[in-house]
There are 2 protein chains.
Amino acid sequence: MSKRVAILLAEGFEEAEAVIVIDILQRLEVDVVTVACRPMRQVASYHGLNVTADHLLAEVHTTLFDAVVLPGGPQGTVNLAANPQVTDFIRQHDQAGKWICPLCSAAARVLGGNRLLRGRRYVCSGDLHQTVDDGVYVDAHVVEDGNLISGRGLGVAFDFAFYLAWRLTGKKEAINFQAEHIYYDSWRVPE
Amino acid sequence: MSKRVAILLAEGFEEAEAVIVIDILQRLEVDVVTVACRPMRQVASYHGLNVTADHLLAEVHTTLFDAVVLPGGPQGTVNLAANPQVTDFIRQHDQAGKWICPLCSAAARVLGGNRLLRGRRYVCSGDLHQTVDDGVYVDAHVVEDGNLISGRGLGVAFDFAFYLAWRLTGKKEAINFQAEHIYYDSWRVPE
(Lines give C-alpha, C1' and ligand atoms only; values in the text may rest on other atoms or scores of the structure.)
Protein backbone atom coordinates (compact mmCIF):
# COMPACT_ATOMS: atom_id res chain seq x y z
CA MET A 1 0.00 0.00 0.00
CA SER A 2 1.21 3.51 -0.73
CA LYS A 3 2.56 5.55 2.13
CA ARG A 4 0.37 8.52 3.05
CA VAL A 5 1.67 11.95 3.99
CA ALA A 6 -0.20 14.96 5.36
CA ILE A 7 1.22 18.40 4.58
CA LEU A 8 -0.12 21.13 6.84
CA LEU A 9 -0.94 24.45 5.16
CA ALA A 10 -1.64 27.57 7.22
CA GLU A 11 -2.06 31.11 5.87
CA GLY A 12 1.36 32.31 4.75
CA PHE A 13 2.88 28.87 4.09
CA GLU A 14 6.08 28.86 2.02
CA GLU A 15 4.60 27.79 -1.29
CA ALA A 16 7.67 26.40 -3.02
CA GLU A 17 8.73 24.40 0.05
CA ALA A 18 5.26 22.83 0.21
CA VAL A 19 4.90 22.24 -3.52
CA ILE A 20 8.37 20.75 -4.04
CA VAL A 21 7.60 18.17 -1.33
CA ILE A 22 4.15 17.41 -2.79
CA ASP A 23 5.61 17.05 -6.29
CA ILE A 24 8.62 14.87 -5.43
CA LEU A 25 6.71 12.55 -3.09
CA GLN A 26 3.95 12.00 -5.65
CA ARG A 27 6.51 11.30 -8.37
CA LEU A 28 7.64 8.48 -6.06
CA GLU A 29 4.11 7.14 -5.59
CA VAL A 30 3.66 8.48 -2.07
CA ASP A 31 0.11 9.73 -1.54
CA VAL A 32 0.19 13.35 -0.33
CA VAL A 33 -2.85 15.00 1.24
CA THR A 34 -2.90 18.79 1.63
CA VAL A 35 -4.54 19.85 4.89
CA ALA A 36 -5.85 23.36 5.57
CA CYS A 37 -5.12 24.47 9.14
CA ARG A 38 -7.90 27.05 9.21
CA PRO A 39 -11.71 26.97 8.99
CA MET A 40 -11.79 26.81 5.17
CA ARG A 41 -9.98 24.83 2.47
CA GLN A 42 -8.69 27.93 0.63
CA VAL A 43 -5.25 28.92 1.87
CA ALA A 44 -3.10 31.84 0.66
CA SER A 45 0.67 31.28 0.58
CA TYR A 46 3.55 33.57 1.63
CA HIS A 47 3.68 35.17 -1.84
CA GLY A 48 -0.05 35.18 -2.51
CA LEU A 49 -0.68 31.90 -4.31
CA ASN A 50 -4.23 30.70 -3.65
CA VAL A 51 -4.46 26.96 -3.07
CA THR A 52 -7.49 24.81 -2.25
CA ALA A 53 -6.42 22.05 0.14
CA ASP A 54 -7.80 18.51 -0.07
CA HIS A 55 -9.14 18.57 3.49
CA LEU A 56 -9.71 20.65 6.58
CA LEU A 57 -7.61 19.57 9.56
CA ALA A 58 -10.88 18.90 11.42
CA GLU A 59 -11.76 16.28 8.77
CA VAL A 60 -8.55 14.26 9.19
CA HIS A 61 -7.58 14.92 12.80
CA THR A 62 -8.21 11.31 13.87
CA THR A 63 -6.36 9.81 10.86
CA LEU A 64 -2.80 8.57 11.31
CA PHE A 65 -0.54 9.34 8.33
CA ASP A 66 2.92 7.87 7.77
CA ALA A 67 4.43 11.36 7.92
CA VAL A 68 3.40 14.92 8.75
CA VAL A 69 5.19 17.67 6.79
CA LEU A 70 5.37 21.24 8.11
CA PRO A 71 6.49 23.79 5.49
CA GLY A 72 8.03 27.12 6.52
CA GLY A 73 6.98 30.66 5.73
CA PRO A 74 7.36 33.48 8.29
CA GLN A 75 3.65 33.83 9.04
CA GLY A 76 2.83 30.25 8.08
CA THR A 77 4.83 28.77 10.95
CA VAL A 78 3.56 31.41 13.42
CA ASN A 79 0.04 30.32 12.46
CA LEU A 80 0.82 26.60 12.72
CA ALA A 81 2.52 27.09 16.11
CA ALA A 82 -0.45 28.99 17.55
CA ASN A 83 -3.06 26.39 16.52
CA PRO A 84 -3.78 23.78 19.26
CA GLN A 85 -5.40 21.45 16.68
CA VAL A 86 -2.06 21.43 14.84
CA THR A 87 0.04 20.68 17.93
CA ASP A 88 -2.41 17.92 18.96
CA PHE A 89 -2.17 16.40 15.46
CA ILE A 90 1.64 16.48 15.56
CA ARG A 91 1.75 15.08 19.12
CA GLN A 92 -0.49 12.13 18.14
CA HIS A 93 1.74 11.29 15.19
CA ASP A 94 4.91 11.70 17.24
CA GLN A 95 3.60 9.37 19.97
CA ALA A 96 2.74 6.80 17.27
CA GLY A 97 6.30 6.97 15.91
CA LYS A 98 5.26 8.49 12.56
CA TRP A 99 7.69 10.76 10.71
CA ILE A 100 7.55 14.43 11.80
CA CYS A 101 9.07 16.59 9.06
CA PRO A 102 9.54 20.35 9.61
CA LEU A 103 11.22 22.54 6.99
CA CYS A 104 12.80 26.00 7.39
CA SER A 105 11.37 27.90 10.39
CA ALA A 106 8.93 25.10 11.29
CA ALA A 107 11.29 23.06 13.51
CA ALA A 108 12.05 26.03 15.76
CA ARG A 109 8.66 27.74 15.74
CA VAL A 110 6.13 24.91 15.56
CA LEU A 111 8.03 22.12 17.36
CA GLY A 112 10.49 24.06 19.56
CA GLY A 113 7.84 26.65 20.38
CA ASN A 114 5.56 23.91 21.70
CA ARG A 115 8.27 21.75 23.36
CA LEU A 116 7.81 19.02 20.77
CA LEU A 117 11.50 18.58 19.87
CA ARG A 118 12.11 16.61 23.08
CA GLY A 119 15.89 16.68 23.00
CA ARG A 120 16.24 15.55 19.39
CA ARG A 121 18.77 16.86 16.88
CA TYR A 122 17.28 19.14 14.21
CA VAL A 123 18.06 21.91 11.71
CA CYS A 124 16.08 25.08 10.94
CA SER A 125 16.60 28.37 9.08
CA GLY A 126 18.57 31.40 10.26
CA ASP A 127 19.10 32.12 13.96
CA LEU A 128 15.78 30.74 15.15
CA HIS A 129 17.55 27.88 16.92
CA GLN A 130 18.77 30.43 19.48
CA THR A 131 15.21 30.71 20.79
CA VAL A 132 14.88 26.94 21.27
CA ASP A 133 16.03 24.99 24.32
CA ASP A 134 14.41 21.56 23.96
CA GLY A 135 16.38 20.30 20.93
CA VAL A 136 19.97 20.13 19.67
CA TYR A 137 20.64 22.31 16.60
CA VAL A 138 22.81 20.73 13.90
CA ASP A 139 24.38 22.73 11.04
CA ALA A 140 23.35 20.57 8.05
CA HIS A 141 20.93 20.55 5.10
CA VAL A 142 18.78 17.67 6.35
CA VAL A 143 18.90 16.08 9.82
CA GLU A 144 17.32 12.80 10.94
CA ASP A 145 16.98 11.87 14.61
CA GLY A 146 14.55 9.13 15.58
CA ASN A 147 11.30 9.87 13.75
CA LEU A 148 12.21 13.54 13.18
CA ILE A 149 13.46 14.66 9.74
CA SER A 150 14.16 18.40 9.50
CA GLY A 151 15.35 20.54 6.57
CA ARG A 152 17.15 23.86 6.62
CA GLY A 153 15.09 25.83 4.11
CA LEU A 154 13.82 26.48 0.61
CA GLY A 155 17.08 25.92 -1.27
CA VAL A 156 17.35 22.36 0.10
CA ALA A 157 13.68 21.47 -0.31
CA PHE A 158 14.48 18.95 -3.05
CA ASP A 159 17.06 17.25 -0.81
CA PHE A 160 14.53 17.18 2.04
CA ALA A 161 11.78 15.75 -0.18
CA PHE A 162 14.01 13.05 -1.71
CA TYR A 163 15.35 12.15 1.73
CA LEU A 164 11.82 11.74 3.10
CA ALA A 165 10.80 9.69 0.04
CA TRP A 166 13.77 7.41 0.68
CA ARG A 167 12.97 6.92 4.38
CA LEU A 168 9.29 6.29 3.58
CA THR A 169 9.75 3.88 0.69
CA GLY A 170 13.34 2.61 0.76
CA LYS A 171 13.24 2.62 -3.07
CA LYS A 172 16.81 3.73 -3.69
CA GLU A 173 16.89 3.07 -7.43
CA ALA A 174 13.55 4.72 -8.15
CA ILE A 175 14.55 7.78 -6.13
CA ASN A 176 17.95 8.17 -7.76
CA PHE A 177 16.31 7.66 -11.16
CA GLN A 178 13.81 10.43 -10.42
CA ALA A 179 16.49 12.84 -9.13
CA GLU A 180 18.41 12.29 -12.37
CA HIS A 181 15.24 12.42 -14.49
CA ILE A 182 14.40 15.93 -13.22
CA TYR A 183 18.06 17.07 -13.60
CA TYR A 184 18.62 17.57 -9.88
CA ASP A 185 22.35 16.93 -9.65
CA SER A 186 23.17 17.64 -6.03
CA TRP A 187 21.39 14.83 -4.18
CA ARG A 188 21.41 11.02 -4.37
CA VAL A 189 20.38 8.40 -1.78
CA PRO A 190 23.23 8.09 0.79
CA GLU A 191 25.45 4.99 0.37
CA MET B 1 8.48 50.46 -11.30
CA SER B 2 8.48 46.75 -10.63
CA LYS B 3 8.83 44.40 -13.57
CA ARG B 4 5.70 42.36 -14.30
CA VAL B 5 5.69 38.72 -15.28
CA ALA B 6 2.79 36.54 -16.48
CA ILE B 7 3.02 32.83 -15.75
CA LEU B 8 0.67 30.73 -17.89
CA LEU B 9 -1.12 27.87 -16.12
CA ALA B 10 -2.99 25.20 -18.08
CA GLU B 11 -4.49 22.01 -16.66
CA GLY B 12 -1.62 19.70 -15.77
CA PHE B 13 1.04 22.40 -15.26
CA GLU B 14 4.18 21.29 -13.42
CA GLU B 15 3.39 22.76 -10.02
CA ALA B 16 6.87 23.00 -8.54
CA GLU B 17 8.33 24.56 -11.70
CA ALA B 18 5.60 27.22 -11.63
CA VAL B 19 5.72 27.85 -7.89
CA ILE B 20 9.53 28.05 -7.64
CA VAL B 21 9.49 30.78 -10.32
CA ILE B 22 6.62 32.65 -8.62
CA ASP B 23 8.36 32.46 -5.24
CA ILE B 24 11.87 33.47 -6.33
CA LEU B 25 10.70 36.34 -8.56
CA GLN B 26 8.47 37.78 -5.83
CA ARG B 27 11.31 37.52 -3.31
CA LEU B 28 13.18 39.81 -5.73
CA GLU B 29 10.30 42.28 -5.96
CA VAL B 30 9.16 41.22 -9.41
CA ASP B 31 5.37 41.28 -9.68
CA VAL B 32 4.12 37.85 -10.85
CA VAL B 33 0.60 37.36 -12.18
CA THR B 34 -0.78 33.82 -12.50
CA VAL B 35 -2.90 33.44 -15.65
CA ALA B 36 -5.37 30.59 -16.18
CA CYS B 37 -5.32 29.35 -19.78
CA ARG B 38 -8.81 27.85 -19.63
CA PRO B 39 -12.35 29.24 -19.13
CA MET B 40 -12.11 29.36 -15.31
CA ARG B 41 -9.52 30.56 -12.79
CA GLN B 42 -9.25 27.19 -11.01
CA VAL B 43 -6.45 25.10 -12.47
CA ALA B 44 -5.34 21.62 -11.38
CA SER B 45 -1.62 20.84 -11.57
CA TYR B 46 0.23 17.72 -12.79
CA HIS B 47 0.05 16.14 -9.33
CA GLY B 48 -3.42 17.39 -8.39
CA LEU B 49 -2.74 20.67 -6.58
CA ASN B 50 -5.71 23.02 -7.02
CA VAL B 51 -4.69 26.62 -7.63
CA THR B 52 -6.86 29.68 -8.25
CA ALA B 53 -5.08 31.95 -10.75
CA ASP B 54 -5.13 35.74 -10.48
CA HIS B 55 -6.67 36.18 -13.93
CA LEU B 56 -8.14 34.45 -16.95
CA LEU B 57 -6.02 34.81 -20.09
CA ALA B 58 -8.99 36.57 -21.72
CA GLU B 59 -8.73 39.31 -19.04
CA VAL B 60 -5.06 40.11 -19.71
CA HIS B 61 -4.63 39.18 -23.37
CA THR B 62 -4.05 42.81 -24.43
CA THR B 63 -1.61 43.55 -21.58
CA LEU B 64 2.13 43.49 -22.30
CA PHE B 65 4.20 41.98 -19.49
CA ASP B 66 7.98 42.17 -19.20
CA ALA B 67 8.19 38.37 -19.39
CA VAL B 68 5.96 35.40 -20.11
CA VAL B 69 6.83 32.18 -18.25
CA LEU B 70 5.69 28.77 -19.54
CA PRO B 71 6.06 25.97 -16.98
CA GLY B 72 6.30 22.32 -18.06
CA GLY B 73 4.15 19.34 -17.16
CA PRO B 74 3.35 16.58 -19.71
CA GLN B 75 -0.29 17.52 -20.19
CA GLY B 76 0.23 21.18 -19.22
CA THR B 77 2.40 21.91 -22.24
CA VAL B 78 0.15 19.90 -24.58
CA ASN B 79 -2.72 22.11 -23.39
CA LEU B 80 -0.73 25.35 -23.75
CA ALA B 81 0.46 24.34 -27.24
CA ALA B 82 -3.08 23.61 -28.44
CA ASN B 83 -4.57 26.92 -27.27
CA PRO B 84 -4.54 29.65 -29.98
CA GLN B 85 -5.07 32.36 -27.31
CA VAL B 86 -1.81 31.22 -25.72
CA THR B 87 0.18 31.24 -28.96
CA ASP B 88 -1.24 34.69 -29.85
CA PHE B 89 -0.24 35.99 -26.39
CA ILE B 90 3.30 34.60 -26.75
CA ARG B 91 3.62 35.93 -30.32
CA GLN B 92 2.59 39.45 -29.24
CA HIS B 93 5.18 39.44 -26.46
CA ASP B 94 7.87 38.02 -28.72
CA GLN B 95 7.23 40.67 -31.38
CA ALA B 96 7.50 43.37 -28.67
CA GLY B 97 10.87 41.95 -27.56
CA LYS B 98 9.62 40.84 -24.13
CA TRP B 99 11.26 37.85 -22.43
CA ILE B 100 9.80 34.47 -23.47
CA CYS B 101 10.68 31.87 -20.82
CA PRO B 102 9.80 28.19 -21.34
CA LEU B 103 10.82 25.53 -18.82
CA CYS B 104 11.08 21.74 -19.29
CA SER B 105 8.88 20.49 -22.16
CA ALA B 106 7.49 23.98 -22.93
CA ALA B 107 10.24 25.11 -25.32
CA ALA B 108 9.75 22.07 -27.60
CA ARG B 109 6.00 21.63 -27.30
CA VAL B 110 4.62 25.16 -26.99
CA LEU B 111 7.23 27.15 -28.95
CA GLY B 112 8.71 24.51 -31.28
CA GLY B 113 5.28 23.00 -31.88
CA ASN B 114 3.99 26.36 -33.09
CA ARG B 115 7.12 27.49 -34.96
CA LEU B 116 7.84 30.19 -32.39
CA LEU B 117 11.50 29.30 -31.73
CA ARG B 118 12.50 31.00 -35.01
CA GLY B 119 16.04 29.64 -35.19
CA ARG B 120 17.03 30.54 -31.66
CA ARG B 121 19.11 28.40 -29.29
CA TYR B 122 17.14 26.74 -26.48
CA VAL B 123 17.09 23.85 -24.03
CA CYS B 124 14.23 21.54 -23.07
CA SER B 125 13.72 18.24 -21.23
CA GLY B 126 14.42 14.73 -22.51
CA ASP B 127 14.42 13.92 -26.21
CA LEU B 128 11.69 16.37 -27.18
CA HIS B 129 14.19 18.47 -29.10
CA GLN B 130 14.30 15.70 -31.71
CA THR B 131 10.78 16.67 -32.77
CA VAL B 132 11.73 20.34 -33.28
CA ASP B 133 13.24 21.80 -36.41
CA ASP B 134 12.91 25.56 -36.00
CA GLY B 135 15.41 26.04 -33.14
CA VAL B 136 18.92 24.96 -32.10
CA TYR B 137 19.03 22.64 -29.09
CA VAL B 138 21.80 23.35 -26.55
CA ASP B 139 22.79 20.90 -23.79
CA ALA B 140 22.79 23.26 -20.76
CA HIS B 141 20.74 24.06 -17.65
CA VAL B 142 19.61 27.52 -18.79
CA VAL B 143 20.01 29.02 -22.26
CA GLU B 144 19.59 32.65 -23.31
CA ASP B 145 19.30 33.69 -26.95
CA GLY B 146 17.88 37.11 -27.79
CA ASN B 147 14.73 37.50 -25.73
CA LEU B 148 14.36 33.73 -25.18
CA ILE B 149 15.40 32.19 -21.83
CA SER B 150 14.79 28.45 -21.58
CA GLY B 151 15.39 26.01 -18.72
CA ARG B 152 15.94 22.27 -18.87
CA GLY B 153 13.52 21.09 -16.17
CA LEU B 154 12.35 20.86 -12.59
CA GLY B 155 15.72 20.26 -10.96
CA VAL B 156 17.11 23.52 -12.39
CA ALA B 157 13.99 25.61 -11.73
CA PHE B 158 15.81 27.68 -9.07
CA ASP B 159 18.64 28.42 -11.52
CA PHE B 160 16.09 29.39 -14.19
CA ALA B 161 14.16 31.64 -11.78
CA PHE B 162 17.27 33.39 -10.46
CA TYR B 163 18.59 33.83 -14.00
CA LEU B 164 15.32 35.44 -15.11
CA ALA B 165 15.29 37.67 -12.01
CA TRP B 166 18.82 38.80 -12.89
CA ARG B 167 17.97 39.58 -16.53
CA LEU B 168 14.78 41.42 -15.49
CA THR B 169 16.24 43.50 -12.65
CA GLY B 170 20.04 43.49 -13.00
CA LYS B 171 20.23 43.43 -9.19
CA LYS B 172 23.24 41.17 -8.81
CA GLU B 173 23.80 41.71 -5.09
CA ALA B 174 20.16 41.29 -4.11
CA ILE B 175 19.90 38.11 -6.16
CA ASN B 176 23.08 36.56 -4.77
CA PHE B 177 21.95 37.54 -1.26
CA GLN B 178 18.61 35.81 -1.79
CA ALA B 179 20.21 32.66 -3.24
CA GLU B 180 22.43 32.47 -0.16
CA HIS B 181 19.56 33.39 2.18
CA ILE B 182 17.49 30.40 1.04
CA TYR B 183 20.55 28.08 1.16
CA TYR B 184 20.64 27.46 -2.58
CA ASP B 185 24.33 26.79 -3.08
CA SER B 186 24.60 25.88 -6.75
CA TRP B 187 23.76 29.16 -8.50
CA ARG B 188 25.10 32.73 -8.36
CA VAL B 189 24.86 35.59 -10.91
CA PRO B 190 27.43 34.92 -13.68
CA GLU B 191 30.60 37.07 -13.45
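Structural data are supplied above this passage.
Residues numbered from 1 in each chain as written. Chains lettered and ligands numbered in written order. Predicted model: local features only at pLDDT ≥ 70, side-chain atom pairs only at ≥ 80, totals over all residues.

A. Representation of the relation of the copies chain A and chain B within the structure. Rotating chain A by 180° and translating it 0.0 Å along the rotation axis places it on chain B, where the RMSD comes to 0.0 Å. Overall, the copies show the geometry of a two-fold rotation axis. In terms of C-alpha distance to the rotation axis, chain A has Val51(A) as its closest residue, with the C-alpha 2.3 Å off the axis. Taken as a fraction of all interface residues of chain A, those also at the interface in chain B reach 100%, which identifies the copy contact as same-surface. (Least-squares fit on C-alpha atoms with pLDDT ≥ 70 in both. Contact = placed C-beta atoms within 7 Å.)

B. Region of interest: the interface of chain A and chain B. At the junction of the two partners, chain A supplies 23 residues and chain B supplies 23 residues. At the level of secondary structure, the elements contributing two or more residues to the side of chain A that touches chain B comprise α1 (15-27) and β4 (50-52) of chain A. Sort the elements by how many residues they give to the side of chain A that touches chain B and α1(A) lands first, with seven residues. Taken together, the residues of the side of chain A that touches chain B sort by class into 12 nonpolar, seven polar and four charged. Summarising the sheet, β4(A) and strand β4 (residues 50-52) of chain B pair through three bridges and their orientation is antiparallel. From the neighbouring strand, Thr52(A) faces β4(B), where its bridge partner is Asn50(B). (Helix = DSSP H or I, 4+ residues; strand = E, 2+ residues; numbered from the N terminus. Nonpolar A, V, L, I, M, F, W, Y, C, P; charged D, E, K, R; others polar. Pairing = 2+ DSSP bridges.)

C. View of the sheet that holds β4(A). The sheet built from four strands is open, its strands ordered β3(A)-β4(A)-β4(B)-β3(B) with antiparallel pairing. Two strands in the sheet have a free side with no partner beyond their single neighbour: β3 (42-44) of chain A together with β3 (42-44) of chain B. The average undirected angle you get between the axes of adjacent strands in this sheet is 30°. Bridge count between β3(A) and β4(A): three bridges; the pairing is antiparallel. Within β4(A), the position partnered with Gln42(A) by the bridge is Thr52(A). (Axes fitted to C-alpha atoms, helices over the stretch in contact; angles between N-to-C directions.)

D. Molecular detail of the packing of α1(A) against helix α1 (residues 15-27) of chain B. Where α1(A) contacts α1(B), the two axes come as close as 9 Å, and the packing angle between them is 165°. Put simply, α1(A) runs roughly antiparallel to α1(B). For α1(A) against α1(B), the interelement crossing comes out left-handed. On α1(B), the residues that touch Glu15(A), Ala16(A), Val19(A), Ile20(A), Ile22(A) and Asp23(A) of α1(A) are Glu15(B), Ala16(B), Val19(B), Ile20(B), Ile22(B) and Asp23(B). Partitioning the contact of α1(A) with α1(B) into residue classes produces eight nonpolar, no polar and four charged. (Parallel < 35°, antiparallel > 145°, perpendicular 65-115°, else oblique. Left-handed = near helix turned anticlockwise from the far one by under 90°.)

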